[in-house]
Protein chains: 4
Amino acid sequence: MSSSSGNLFRISTWGESHGGGVGVVIDGCPPQIDLCVGDIQTDLDRRKPGQSEIVTPRDEADQCEILSGVFEGKTLGTPIAILVRNKDARPEAYEEMKDKFRPSHADYTYEAKYGIRNWQGGGRASARETIGRVAAAAVAKKVLLSHFAPDLEIIAWVKSVRDIVADVDPDTVKFSEIESNIVRTGDPATVDKMIDLIKEMRSEGNSVGGVVECVLRQVPVGLGEPVFDKLEADLGKAMLSLPACKGFEVGSGFSGTQLTGKEHNDPFYMEGDRVRTRSNRSGGIQGGISNGENIVFRLAFKPTATIMSAQETVSSGGEDTELTGRGRHDPCVLPRAVPMVEAMAALVLCDHALRQRAQNGQA
Amino acid sequence: MSSSSGNLFRISTWGESHGGGVGVVIDGCPPQIDLCVGDIQTDLDRRKPGQSEIVTPRDEADQCEILSGVFEGKTLGTPIAILVRNKDARPEAYEEMKDKFRPSHADYTYEAKYGIRNWQGGGRASARETIGRVAAAAVAKKVLLSHFAPDLEIIAWVKSVRDIVADVDPDTVKFSEIESNIVRTGDPATVDKMIDLIKEMRSEGNSVGGVVECVLRQVPVGLGEPVFDKLEADLGKAMLSLPACKGFEVGSGFSGTQLTGKEHNDPFYMEGDRVRTRSNRSGGIQGGISNGENIVFRLAFKPTATIMSAQETVSSGGEDTELTGRGRHDPCVLPRAVPMVEAMAALVLCDHALRQRAQNGQA
Amino acid sequence: MSSSSGNLFRISTWGESHGGGVGVVIDGCPPQIDLCVGDIQTDLDRRKPGQSEIVTPRDEADQCEILSGVFEGKTLGTPIAILVRNKDARPEAYEEMKDKFRPSHADYTYEAKYGIRNWQGGGRASARETIGRVAAAAVAKKVLLSHFAPDLEIIAWVKSVRDIVADVDPDTVKFSEIESNIVRTGDPATVDKMIDLIKEMRSEGNSVGGVVECVLRQVPVGLGEPVFDKLEADLGKAMLSLPACKGFEVGSGFSGTQLTGKEHNDPFYMEGDRVRTRSNRSGGIQGGISNGENIVFRLAFKPTATIMSAQETVSSGGEDTELTGRGRHDPCVLPRAVPMVEAMAALVLCDHALRQRAQNGQA
Amino acid sequence: MSSSSGNLFRISTWGESHGGGVGVVIDGCPPQIDLCVGDIQTDLDRRKPGQSEIVTPRDEADQCEILSGVFEGKTLGTPIAILVRNKDARPEAYEEMKDKFRPSHADYTYEAKYGIRNWQGGGRASARETIGRVAAAAVAKKVLLSHFAPDLEIIAWVKSVRDIVADVDPDTVKFSEIESNIVRTGDPATVDKMIDLIKEMRSEGNSVGGVVECVLRQVPVGLGEPVFDKLEADLGKAMLSLPACKGFEVGSGFSGTQLTGKEHNDPFYMEGDRVRTRSNRSGGIQGGISNGENIVFRLAFKPTATIMSAQETVSSGGEDTELTGRGRHDPCVLPRAVPMVEAMAALVLCDHALRQRAQNGQA
């Protein structure tokens with residue numbers, strides 16, 4: 001299915017950027033997990049538009065309602081449905097897109113695939129769809145923390161904006177450091193440079209991309225499956241399903257190809273009762289299964305496709321034409337991508353924790 | 001499931017590197033496709049060990065048997081089971097691994113996950129498991145060519161071995177050029193350098209990694225799904241499930257983060273009746289759906305973990321120890337990874353072609 | 001997943017009888033199907049409480065809202081979310097059930113499974129959950145009629161209430177005949193008897209069950225899969241998933257065991273270009289696949305578990321006790337089960353039609 | 001997928017009655033379960049042809065080979081592939097079926113669906129396909145007994161052959177009693193009558209059907225899911241997927257429709273710490289979830305379609321014609337259906353036990 005993800009902690013998102021709203025249904029959630037709207041709202045607020053001067057000014061409170069699956073503050077084990085209404089939709093801003101395809105957007109491919117599209121906004125390709133993911137992930141994190149990984153930390157940050165690269169240590173960076181600045185990076189020295197670049201891009205009607213890095217700490221050993229559902233494969237798929245993501249690498253990634261086997265291998269040693277590795281070029285995953293070291297990965301996000309200048313394009317009628325971007329958009333997706341990346345990581349871990357418990361009786 | 005992949009063209013692989021054999025069951029294959037052992041054997045031969053002086057000398061014919069699903073040379077629409085026996089297994093070479101974990105292999109994580117492992121080889125983590133994938137993909141390609149994409153081309157090649165980078169044009173490179181050399185690259189100027197480096201590594205008991213690039217040409221418009229099963233997400237997962245793969249990028253990938261939106265966007269124009277893009281930084285996929293341009297992606301493969309020198313490790317009993325690699329292994333996985341990459345691409349495309357036909361009545 | 005059904009036309013229902021509401025998400029629906037609230041409401045009205053004097057008096061309009069997936073009156077191909085709010089919930093009527101398990105209800109097993117339950121009503125075990133199914137099936141029927149089976153008829157009726165058996169010919173019965181009476185049977189001679197029996201049962205605080213029969217006419221040949229997903233297996237599962245359903249039989253069913261093979265076999269003959277069978281003890285399905293004859297099946301529904309008299313039971317604290325039913329309930333589920341049966345049949349057919357098109361290019 | 005079943009204990013069967021063989025791949029099996037060929041062969045021998053004078057004389061040893069997933073006598077947690085070769089295939093006996101459809105067989109529907117069929121036998125519709133199910137179920141039973149239900153008993157028997165009905169108490173009947181006679185019934189008084197009837201039918205070139213009843217004792221409380229994957233729904237689907245099965249009922253089933261709610265409800269009472277029911281018209285399942293009482297269900301099997309007399313039929317070319325059955329077939333499927341029914345029950349229970357452990361941490 002196009003809009004469902006996960007095998008046991010299974011989420012189904014729905015909703016277009018312009019329409020009745022967006023939401024998610026979570027099936028398979030363990031019962032008796034404490035859950036209230038506030039748990040979910042905290043993460044939605046980190047994702048929502050209008051949160052700072054460098055993101056889209058679309059004015060959405062993104063207030064969520066839990067419609068089912070929770071009773072007297074606890075999950076029931078039955079489906080949890082969460083709804084967020086669309087408020088500040090302005091379809092008139094999209095009138096021109098009715099007949100013209102925005103370059104590097106999904107307009108043309110949706111039309112080609114379905115013969116129809118909701119041209120009043122990005123439809124399902126809008127980042128608004130990720131509301132359902134972030135909401136579901138808030139639940140997933142509570143499941144992980146209460147049942148499987150009490151000390152789990154999932155932290156993502158902006159590693160680079162175009163050529164401005166932050167110096168961040170995945171093993172020690174703190175969540176509060178990331179959240180202390182609106183660009184969500186972990187290196188104080190680059191915060192202002194990144195913000196300035198994003199503002200500059202916006203003022204030029206242009207956009208910019210970059211890299212998000214993420215670390216998962218205190219993950220149980222044994223998550224992930226041999227062969228097709230390797231943990232890095234499921235993480236990679238989850239991340240590459242985010243809007244604007246064009247690349248994923250784990251551990252040493254592409255730069256690891258510059259090393260020889262002798263340089264690249266991670267020697268094992270005992271730290272008390274625990275098997276550890278001296279280096280972590282494996283990125284916390286070996287043979288598709290977590291080894292207890294920090295899981296570290298990076299994602300490439302392309303510059304936002306919507307830019308405020310004239311571009312060559314074609315009409316749905318098959319004629320060459322021109323289009324100038326309108327509507328309210330992020331000049332750089334990265335600050336809002338950070339909670340999305342964390343969300344997808346939480347969803348993948350939670351699903352694999354349940355799978356591990358199913359087959360092996362623990363996680 | 002750990003060992004199944006695909007929604008409609010669904011494959012289930014099985015088998016360890018040492019044991020009764022390896023194989024695959026394909027469920028959901030359309031009927032009346034011409035299929036014989038030779039169709040499959042051709043691809044298996046490109047994957048098999050011992051095919052050249054720069055790959056593992058393990059002596060396996062990898063001769064396949066079709067056990068079901070084919071009648072009088074045509075597929076029946078029912079499951080196709082394919083079996084390859086293991087012949088040249090030498091479990092004695094792995095005796096020492098019974099109690100010691102090979103660094104950067106799956107030995108430790110399998111043991112931690114399952115409490116048991118087949119130490120006589122790499123078990124499911126062995127590249128031998130990919131026989132089932134390559135065999136299934138040979139069928140997938142026949143389905144694609146006969147039903148969905150008569151001019152489809154799936155071509156992968158070695159883009160780099162460590163720091164030796166081949167100059168290959170994805171839009172024009174030919175399959176015969178790749179197959180003309182044992183390292184499977186597309187740039188005559190780098191063939192000998194790559195071979196020499198691999199040989200040098202092997203003589204030192206060392207190993208080396210690199211990048212494989214792949215192009216999919218003449219893919220129908222409309223393959224891929226919004227949201228979770230974006231075409232790049234499914235391709236990424238498929239590739240990251242290959243042994244030793246640590247990174248995946250599509251189109252402009254990580255380097256695209258150095259561009260602004262104005263530089264990165266792909267303008268549309270009409271070429272006769274067909275919608276085309278002037279550049280292809282999207283890599284043939286927009287909004288998760290193929291747009292008819294060439295799909296181009298790259299994968300990072302780490303250096304082979306098995307090296308012939310002493311390494312620090314631990315025993316299954318929890319003691320620090322040392323291990324020297326033995327057994328027969330590839331000093332560089334890249335030449336044999338090329339057909340595996342093509343195979344995974346074919347499987348993903350075939351599955352999405354069937355999904356497209358299910359929902360939209362064409363593909 | 002407990003709350004999802006279907007492979008390609010996939011529905012996920014959610015919601016408890018008392019709470020924010022109930023609903024469904026449909027994923028995989030083909031695009032460009034005409035769809036409005038009225039299409040769905042018609043079927044919901046046949047299912048809703050309070051529709052006649054022989055069903056529960058709970059006062060719910062069951063007015064649905066389409067939240068996504070439809071644009072300008074047509075399906076988009078993306079998930080269709082449908083919401084129905086709960087209005088006339090009276091949790092106080094359930095206060096006593098907080099600590100006592102209702103006999104032959106799901107109270108005890110939910111508590112045993114999850115360690116928690118929403119005691120303010122039947123939770124997910126309530127027939128209210130079927131709102132999502134009926135809504136989704138209204139969409140499924142439009143897909144079937146427009147793409148796969150333009151003359152398809154799905155008609156169910158009450159075959160018997162306890163020992164009152166209706167004489168109905170599955171090959172000729174009309175939908176309007178069934179809908180002409182509140183008990184939804186097809187035999188005018190039994191209508192009043194059935195109504196009288198149901199009223200009598202209610203006046204005694206008792207309840208009654210019976211059999212629903214269903215015919216699917218003008219089903220395309222070729223729907224259903226060999227082995228596990230035989231059409232009768234998927235129909236049977238769908239029906240047995242309805243509340244209170246205890247049995248399913250297709251074609252000759254249990255009575256077919258009284259015949260010999262010579263008596264039971266359905267001879268083939270040609271009717272013009274079409275292969276027909278002289279009898280239809282197969283019930284329209286052979287080898288798990290539809291053969292074009294009418295598909296006929298029957299379901300047993302037990303008497304409603306809620307009765308208005310004192311019954312022996314136990315408390316959640318593990319003590320023997322007594323409980324007298326309260327709340328508003330159907331004395332007989334059959335009249336409202338009829339649209340549920342039709343709904344499940346439509347969902348199964350639609351899913352198999354898409355599966356058939358995926359693999360075989362038609363349906 | 002047509003040939004896969006189960007969510008977590010997932011089996012994929014393959015193979016035609018005439019061809020390279022038949023088999024199964026089991027994915028998701030917990031590791032460290034003792035398993036040898038003998039464990040599987042015992043059940044295969046109960047299913048195999050030629051085991052007695054009242055079943056088909058086809059001479060097959062049905063000797064199985066475990067190809068993967070087991071190491072040093074224990075399961076590895078990775079896929080278990082099991083192969084049984086076809087030996088006594090006699091395709092020449094089917095020569096006439098090449099162009100003629102056998103009445104009430106799958107010949108016509110397979111041809112209509114796929115445009116091709118393996119006419120040398122029943123293909124996938126042959127009961128030979130169930131070898132894979134029975135083999136997988138032998139593993140499932142070991143998983144259940146060792147991890148989830150140490151005292152579990154799964155016992156099926158022939159309840160009736162046509163109008164000869166056995167008097168068997170599901171609560172007390174013993175496996176050894178069933179296995180003590182070749183017809184596999186539990187009532188000594190009916191054994192000879194049933195055998196005589198079957199022999200009489202065979203001598204007349206005719207066939208006969210009947211009912212199989214099955215009890216599952218000592219099933220853990222809590223197996224099964226609300227809504228679509230109710231335990232009775234999954235059991236029903238599993239049983240209805242068996243060749244020749246036309247009906248399924250659980251607990252009071254169809255006869256329960258003759259009772260009122262007061263008569264039908266099962267009162268709860270405490271037996272020590274355990275919640276019990278005084279009667280068991282629910283058949284051990286309430287709200288789709290096991291309640292710890294015996295699970296009892298019945299299946300209708302039609303008379304074997306192959307009969308040795310001339311029947312009216314049509315040719316694949318669309319002409320009216322006549323066909324006389326040949327080949328070796330069971331005059332009554334019931335004795336061999338008994339182990340198949342037990343097998344399907346074991347597979348369903350094992351899958352639900354793993355699902356239960358995944359979500360709720362126990363089973």
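Because the structure is a prediction, the values reported are computed rather than measured. (Residues numbered from 1 in each chain as written. Chains lettered and ligands numbered in written order. Predicted model: local features only at pLDDT ≥ 70, side-chain atom pairs only at ≥ 80, totals over all residues.)

Enquirer: Help me get a handle on the overall build of chain A, residues and values and all.
Expert: Counting secondary structure elements, chain A contains eight helices and 18 strands. In terms of overall dimensions, chain A is globule-like: its C-alpha atoms have a radius of gyration of 21 Å, near the 21 Å expected for 363 residues. For chain A, the C-alpha atoms occupy an extent of roughly 65 × 50 × 35 Å along the three principal directions. Counting all 363 residues of chain A, 67% fall into the buried class. In chain A, once contacts between residues fewer than 6 apart in sequence are set aside, the share between residues at least 24 apart is 70%. (Helix = DSSP H or I, 4+ residues; strand = E, 2+ residues; numbered from the N terminus. Rg over C-alpha atoms; globule rule 2.2 N^0.38 Å. Buried ≥ 20, exposed ≤ 12 C-beta atoms within 10 Å, placed from the backbone. Contact = placed C-beta atoms within 7 Å.)

Enquirer: Before we move on, can you summarise the relation of the copies chain C and chain D with the specific residues and values?
Expert: For the match of chain C to chain D, the screw axis carries a shift of 0.0 Å, the RMSD comes to 0.0 Å, and the turn is 180 degrees. Both copies are brought into coincidence by an operation consistent with a two-fold rotation axis. Both copies contact each other with a shared surface, as 100% of the interface residues of chain C are interface residues in chain D too. (Least-squares fit on C-alpha atoms with pLDDT ≥ 70 in both.)

Enquirer: Can you explain the relation of the copies chain B and chain D? Please cite residues and give values.
Expert: For the pair of chain copies, the relating transformation is a rotation about an axis with a translation along it. With an RMSD of 0.0 Å, the operation that places chain B on chain D is a rotation of 180 degrees combined with a shift of 0.0 Å along the axis. Taken together, the interface assignments show that 100% of the residues at the interface of chain B recur at the interface of chain D, consistent with an identical surface on both copies.

Enquirer: Tell me about the sheet that holds strand 7 (residues 80-84) of chain A, and name the residues and values.
Expert: Residue and element names in this part refer to chain A. Spatial ordering of the open sheet is given by 1-2-3-7-4, a layout of five strands whose pairing is antiparallel. On the outer flanks of this sheet lie strand 1 (4-5) and strand 4 (64-66), each paired with one strand and no other. Direction of pairing for strand 4 relative to strand 7: antiparallel, over a ladder of three bridges. Directly across from Glu65, in strand 7, lies its bridge partner Leu83. The sheet contacts of helix 1 (residues 37-47) involve strand 4 and strand 7, and relative to strand 4 the element is tilted by about 150 degrees. (Pairing = 2+ DSSP bridges. Axes fitted to C-alpha atoms, helices over the stretch in contact; angles between N-to-C directions.)

Enquirer: Which residues make up the interface of chain C and chain D, and what values do they have?
Expert: By convention, interface size is frequently given as the accessible area that disappears when the constituent parts associate. Across the contact, 90 residues belong to chain C and 90 residues belong to chain D. The residue inventory of the side of chain C that touches chain D, partitioned by class, reads 33 nonpolar, 37 polar and 20 charged. As defined by bridge partners, strand 11 (residues 245-250) of chain C adjoins strand 11 (residues 245-250) of chain D across three bridges and the pair is classed as antiparallel. What sits directly across from Glu249(C), in strand 11 of chain D, is Gly247(D). (Nonpolar A, V, L, I, M, F, W, Y, C, P; charged D, E, K, R; others polar.)

Enquirer: Summarise the confidence of the model for chain A; cite the residues concerned and give the values.
Expert: When pLDDT is averaged along chain A, the result is 95, and 99% of the positions lie at 70 or above. Reported for the predicted complex are a pTM of 0.98 and an ipTM of 0.98. (pLDDT = per-residue confidence, 0-100.)

Enquirer: Give me the lowdown on the interface of chain B and chain D, citing residues and values where you can.
Expert: Taken together, the contact between chain B and chain D spans 36 residues of the former and 36 residues of the latter. Sorting the residues of the side of chain B that touches chain D by element identifies strand 2 (10-15) and strand 3 (22-27) of chain B as the ones contributing at least two each. Among the elements that take part in the side of chain B that touches chain D, strand 2 of chain B stands out by supplying four residues, more than any other. When grouped by side-chain class, the residues that make up the side of chain B that touches chain D number eleven nonpolar, 18 polar and seven charged.

Enquirer: Any chance you could break down the nonpolar core for me, citing the residues and the numbers?
Expert: In terms of nonpolar packing, the biggest core is built from 420 residues, with Val212(A), Leu347(A), Leu347(B), Leu347(C) and Leu347(D) touching the most fellow members. Among residues more than four places away in sequence, those in contact with Val212(A) are Ala156(A), Trp157(A), Val158(A), Lys159(A), Leu299(A), Phe301(A), Leu334(A), Ala337(A), Val338(A) and Val341(A). (Core = buried A, V, L, I, M, F, W, Y, C linked by C-beta atoms within 7 Å.)

Enquirer: Can you tell me about the pairing of strand 7 (residues 80-84) of chain D, naming the residues and giving the values?
Expert: In terms of residue burial, strand 7 of chain D counts as a mostly covered element, since five of its five residues are buried. Of the two faces of strand 7 of chain D, the one carrying Ile80(D), Ile82(D) and Val84(D) and the one carrying Ala81(D) and Leu83(D) are both buried.

Enquirer: Break down the packing of helix 6 (residues 231-240) of chain C against helix 6 (residues 231-240) of chain D for me, citing the residues and quoting the values.
Expert: Contact pair helix 6 of chain C / helix 6 of chain D: the axes reach a minimum separation of 8 Å and the direction vectors enclose 160 degrees. Here helix 6 of chain C lies roughly antiparallel to helix 6 of chain D, going by the angle between them. Relative to helix 6 of chain D, the crossing made by helix 6 of chain C is right-handed. Together, Glu232(C), Ala233(C), Asp234(C), Gly236(C), Lys237(C) and Leu240(C) of helix 6 of chain C and Glu232(D), Ala233(D), Asp234(D), Gly236(D), Lys237(D) and Leu240(D) of helix 6 of chain D make up the contact between the two elements. For the contact of helix 6 of chain C with helix 6 of chain D, the class distribution of residues is four nonpolar, two polar and six charged. (Parallel < 35°, antiparallel > 145°, perpendicular 65-115°, else oblique. Left-handed = near helix turned anticlockwise from the far one by under 90°.)

Enquirer: Account for the sheet that holds strand 7 (residues 80-84) of chain C, naming residues and giving values.
Expert: Residues and elements named next belong to chain C. Read from one edge of the open sheet, five strands run 1-2-3-7-4, paired in antiparallel fashion. Looking at which strands have only one partner, the edges of the open sheet turn out to be strand 1 (4-5) and strand 4 (64-66). Of the strands in this sheet, strand 4 and strand 7 touch helix 1 (residues 37-47), which is tilted by about 150 degrees from strand 4.

Enquirer: Mind laying out the environment of Arg128(A), listing which residues take part and the relevant values?
Expert: Residues and elements named next belong to chain A. With respect to the helices and strands, Arg128 occurs in the loop between helix 2 (107-114) and helix 3 (130-148). Looking at Arg128, the number of C-beta atoms within 10 Å reads 28, which means it is buried. Between the C-alpha atom of Arg128 and that of Glu16, which follows or precedes it by 112 residues, the distance is 7.4 Å. When neighbours within four sequence positions are excluded, Arg128 is seen to be in contact with Ser17 and Val22.

Enquirer: So what about helix 2 (residues 107-114) of chain B? Which residues, and what values?
Expert: An α-helix turns once per 3.6 residues; consequently, residues spaced three or four apart project the same way. The buried count for helix 2 of chain B comes to seven of eight residues, which makes it a mostly enclosed element. Taken residue by residue, helix 2 of chain B has Asp107(B), Tyr108(B), Thr109(B), Tyr110(B), Ala112(B), Lys113(B) and Tyr114(B) as its buried positions. Among the structural elements, strand 12 (268-271), strand 13 (274-277), strand 14 (285-286), strand 15 (289-290) and helix 8 (334-360) of chain A are those in contact with the buried residues of helix 2 of chain B.

Enquirer: Can you break down the pairing of strand 16 (residues 295-301) of chain B residue by residue, with the values?
Expert: Residue and element names in this part refer to chain B. Of all seven residues in strand 16, seven are buried; the element is thus mostly enclosed. The pairing of strand 10 (residues 210-217) with strand 16 spans seven bridges and is antiparallel. For Val215, the partnering residue across the bridge sits in strand 16 and is Val296. Bridge analysis of strand 11 (residues 245-250) against strand 16 gives five bridges, and the strand direction is antiparallel. Each bridged residue has a counterpart across the sheet, and for Cys245 the counterpart in strand 16 is Phe301.

Enquirer: Account for the environment of Arg184(C), naming residues and giving values.
Expert: All names here are of chain C. Within the secondary structure layout, Arg184 lies in the loop between helix 4 (175-179) and helix 5 (188-203). A tally of 23 C-beta atoms within 10 Å means that Arg184 is categorised as buried. Taking the C-alpha atoms as reference, Arg184 lies 9.5 Å from Pro339; in sequence the two are 155 residues apart.

Enquirer: Please give an account of the environment of Ala343(C) that cites residues and values.
Expert: All names here are of chain C. By the secondary structure assignment, Ala343 is in helix 8 (residues 334-360). As a C-alpha pair, Ala343 and Met239 span 104 residues in sequence and 9.7 Å in three-dimensional space. Ignoring any residue separated from it by four or fewer positions in sequence, one finds Ala343 in contact with Asp43, Arg133, Val134 and Ala137.

Enquirer: Break down the packing of helix 3 (residues 130-148) of chain C against helix 8 of chain C for me, citing the residues and quoting the values.
Expert: All names here are of chain C. The contact between helix 3 and helix 8 brings their axes to 8 Å, and the two run at 50 degrees. As summarised for this structure, helix 3 and helix 8 are arranged oblique, according to the angle between their axes. With respect to the hand of their crossing, helix 3 and helix 8 are arranged in left-handed fashion. Every residue of helix 8 that contacts helix 3 at Thr130, Arg133, Val134, Ala136, Ala137, Ala140, Lys141, Val143, Leu144 and Phe148 is listed here: Pro339, Met340, Ala343, Met344, Ala346, Leu347, Leu349, Cys350 and Ala353. Looking at the contact of helix 3 with helix 8, its residues break down into 16 nonpolar, one polar and two charged.

Enquirer: So what's going on with helix 1 of chain A? Which residues, and what values?
Expert: All names here are of chain A. Here helix 1 has its buried residues at Ile40, Asp43, Leu44 and Arg47. The buried residues of helix 1 occupy an angular sector of 105 degrees when projected down its axis, which confines them to one face. Turned more than 90 degrees from where helix 1 packs its buried face, Gly38 and Thr42 sit exposed. Each element contacted by the buried residues of helix 1 is listed here: strand 4, strand 7, helix 3 and helix 8. (Arc of directions from axis to C-beta.)

Enquirer: Go over unusual backbone geometry, please, and point to the residues and values.
Expert: One non-glycine residue, Glu72(A), adopts positive backbone phi at about 50 degrees. Relative to the assigned elements, Glu72(A) resides in the loop between strand 5 (70-71) and strand 6 (74-75). If you check the backbone angles, Ser104(D) has positive phi at about 60 degrees while not being a glycine. Tracing the sequence through the fold places Ser104(D) in the loop between strand 7 and helix 2 (107-114). Accessibility expressed as a C-beta count within 10 Å gives 30 for Ser104(D), which makes it buried.

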